Every structure is written in structure tokens, then in C-alpha cells.
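Topology and contacts: notes
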Amino acid sequence: MNTISSHYLDELGIIRWESRYAPQTAPVCDESAWENLKETVKHCRQCSLHQGRTNTVFGVGSQQASLMIIGEAPGFHEDQQGEPFVGRAGQLLTAMLKSIGLRREDVFIANILKCRPPDNRDPQADEIQTCTAFLTQQIALIQPDLLLAVGRIAAQYLLNCSSPLKSLRNTIHHYGESQTPLIVTYHPAYLLRSPADKKMAFSDLQFVRKKLSTAVR
Ligand code: URA
């Protein structure tokens, strides 16, 4: 509003509506630290998974994302293409995001592990321990408003617990020293096998949308 019209409103005794919130600005991701991290992941040989990989899978999306999605580990297609969630489960994840008005490029998608475990087996404790140093740095650099853990492996690692996934839903948890809010939902690969639970995942996504709408950046 310009100063002239502002003056007339003052004269008329009309109180202007002003947002109580500061203008939204995303934290600035340190570009050189990000590129260094990407390069380190690309050449990582810290565990035996490097022997079977075609590509490392660093993650994809916006470094300014307010929502970061954390899955488990690359599968066959992700290993081939070097991008997370591009197979059937990935297509479902993209549709899940679309249901709350988000595109893949609006969020950042990463995994607990950056390399594919053989035959898509569960990540082993030593692999998780080694590889998650990268994820920790990604979260610290992006500083998202909200983390969405998809599936048991990601949820249990991020929350340092062994509770069943079902019991972790419908709650705002907090991750790490930053106390970043965290929501848990089903893994899309599980939902492909158990489509009856899609409605519960949809309700988790509504919860995500609500939480994001109140996040002040
Ligand atoms: N499942 C995951 O957890 N991550 C992927 O990137 C693909 C499938």
C-alpha cells in the first residue's frame, strides 16, 4: 500500500489488515557444502554396498524445500537412474504428493542409504550407521520445516526407536538436535501391496499439509 492511501485510511480511522507473520523466506542452503557433499557421496566406498551399485542416489528436489521426504534405500530403478523413488513405489509417492498440491520439485526426497542393497534386502545396522552421516548433513543444510518418514526403516532410524510403524503415525515427533517436526506414514511400496491402507496414508498426508500450512519460514 502506498503512503497516500495509507494516510487516507489513517484519517478515516480504518485499521489496516497486516499479516502477523514475517515474510516467508526459506533458509539459504550453503551451495559449496552441498556440492562437496554430493561429490563425497558419489565416490563413497565406506561400506560394501559400493561394490554392487550402478549409481549412488544422493536425493532429488529443492534445496529450499520446506518438506523433506525420507525413504529407505534405492531399488533397482533408482540404482539404474541415480534418482530416488522412480519405480512403481516412486510413481505412487509422486501421486501422494500431488494429492496435497505438491510436485516432486517442491520437496526434497532422500533415502537412509545412498546405495542399493543386494536384492533390495533391508539395510543392515552398520550400513545405516555409516551412510546416515550424509543424510544428517543433508537435513542440516536444507533445514526443512517438516520431515516425512516413509516406512518403518526410515521412521525407526530417525526417531531412534523400534516401535511398529502403526504406533508412530498421527503424531508430530521431533528429529535430532534441531528438533525438526517429523511425521510418519506408510512406505509407498507397502501401499502397493496393501492398497486398503491407502486411505490412512491419505489422512497422514492431510496431516502433513496442515502442518506445512502453519510453518513460518
Ligand atoms: N524405496 C525407497 O525407500 N527409496 C527409493 O528410492 C525407492 C524405493
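The paragraphs below set out a description of the structure included in this document. (Residues numbered from 1 in each chain as written. Predicted model: local features only at pLDDT ≥ 70, side-chain atom pairs only at ≥ 80, totals over all residues. Heavy atoms only, no water.)

1. A look at a negative patch on the surface
On the surface, Asp 30, Glu 31, Glu 35 and Glu 39 cluster together to form a negatively charged patch. Among the secondary structure elements, Glu 31 is positioned in helix H2 (residues 31-42). Judged by relative accessible area, which is 43%, Glu 31 ranks as partly exposed. (Patch = residues over 30% accessible without salt bridge, like charges linked within 9 Å, V, L, I, M, F, W, Y side chains within 5 Å. Areas by Shrake-Rupley, 256 points an atom, 1.4 Å probe, with all protein chains shown as cover. Salt bridge = Lys/Arg side-chain N within 4 Å of Asp/Glu carboxyl O. Lys, Arg positive; Asp, Glu negative; His and termini not counted. Charge placed at Lys NZ, Arg CZ, Asp CG, Glu CD. Helix = DSSP H or I, 4+ residues; strand = E, 2+ residues; numbered from the N terminus. Buried < 20%, exposed > 50% of the residue type's maximum accessible area, 1.4 Å probe, protein only.)

2. A closer look at the sheet that holds strand S4 (residues 146-150)
Read from one edge to the other, the open sheet built from six strands follows the order S1-S3-S2-S4-S6-S5, with strand pairing classed as mixed. Two strands bound the open sheet, and with one partner strand each, they are strand S1 (60-61) and strand S5 (173-175). Judged from the two bridges that link them, S1 and strand S3 (residues 108-111) form a sheet pairing that is antiparallel. Note that in S3 the partner of Gly 61 across the bridge is Phe 108. Across the sheet, helix H9 (residues 198-213) is in contact with strand S2 (67-71), S4 and strand S6 (180-185); its angle to S6 comes to roughly 165°. (Pairing = 2+ DSSP bridges. Contact = heavy atoms within 4.5 Å. Axes fitted to C-alpha atoms, helices over the stretch in contact; angles between N-to-C directions.)

3. Concerning the environment of Ser 163
By the secondary structure assignment, Ser 163 is in the loop between helix H6 (152-159) and helix H7 (165-168). A residue is classified by how much of its surface remains accessible, and Ser 163, at 25% relative accessible area, is partly exposed. Here the alpha-carbon distance between Ser 163 and Arg 152, two residues 11 residues apart in the chain, equals 8.6 Å.

4. Some words on the site of the ligand
As a matter of local geometry, the ligand sits amid Gly 71, Glu 72, Ala 73, Glu 78, Pro 84, Phe 85, Asn 111 and His 187. Within the backbone of Glu 72, an N or O atom sits 2.7 Å from an oxygen atom of the ligand. His 187 places a polar side-chain atom, nitrogen or oxygen, 2.8 Å from an oxygen atom of the ligand. When the ligand sits alone it has 240 Å² of accessible area, and the protein chains cover 91% of it. (Near = heavy atom within 4 Å. Polar contact = N/O pair within 3.5 Å; in protein donor to acceptor, adjacent residues only side chain to side chain.)

5. Describing the nonpolar core
Judged by nonpolar contacts, the single largest core of 55 residues is most densely connected at Leu 67, Met 68 and Ile 69. Looking at this core element by element, the count peaks at seven residues for helix H5 (residues 125-142). Among residues more than four places away in sequence, those in contact with Met 68 are Phe 108, Ala 110, Leu 135, Gln 138, Ile 139, Ile 142, Pro 144, Leu 146, Leu 147 and Leu 148. (Core = buried A, V, L, I, M, F, W, Y, C linked by side-chain atoms within 4.5 Å.)

6. Here's the deal with the packing of H5 against H6
As a packed pair, H5 and H6 sit with axes 12 Å apart at the nearest point and diverge in direction by 75°. As far as their axial angle goes, H6 and H5 are roughly perpendicular. Touching Ile 128, Thr 132, Leu 135, Thr 136 and Ile 139 of H5 are Ile 153, Tyr 157 and Leu 158, all from H6. (Parallel < 35°, antiparallel > 145°, perpendicular 65-115°, else oblique.)

7. Section: the packing of aromatic side chains
Scanning all chains against the criterion turns up three aromatic pairs. Note on Trp 34 and Phe 108: the rings are 5.3 Å apart at their centroids and 80° apart in plane angle, and the pair reads as edge-to-face. In this pair, Trp 34 sits in helix H2 while Phe 108 sits in strand S3, placing the two residues 74 residues apart along the sequence. Both residues of the pair, Trp 34 and Phe 108, belong to the buried class. Ring geometry for Tyr 186 and Tyr 190: centres 5.2 Å apart, planes at 20°, overall stacked. Joined through ring pairs, the aromatic side chains of Trp 34, Phe 58 and Phe 108 make up one cluster. (Phe/Tyr/Trp six-rings, centres within 6.5 Å; stacked < 30°, edge-to-face > 60°.)

Remember, this is a structural readout, not a statement about activity or role.
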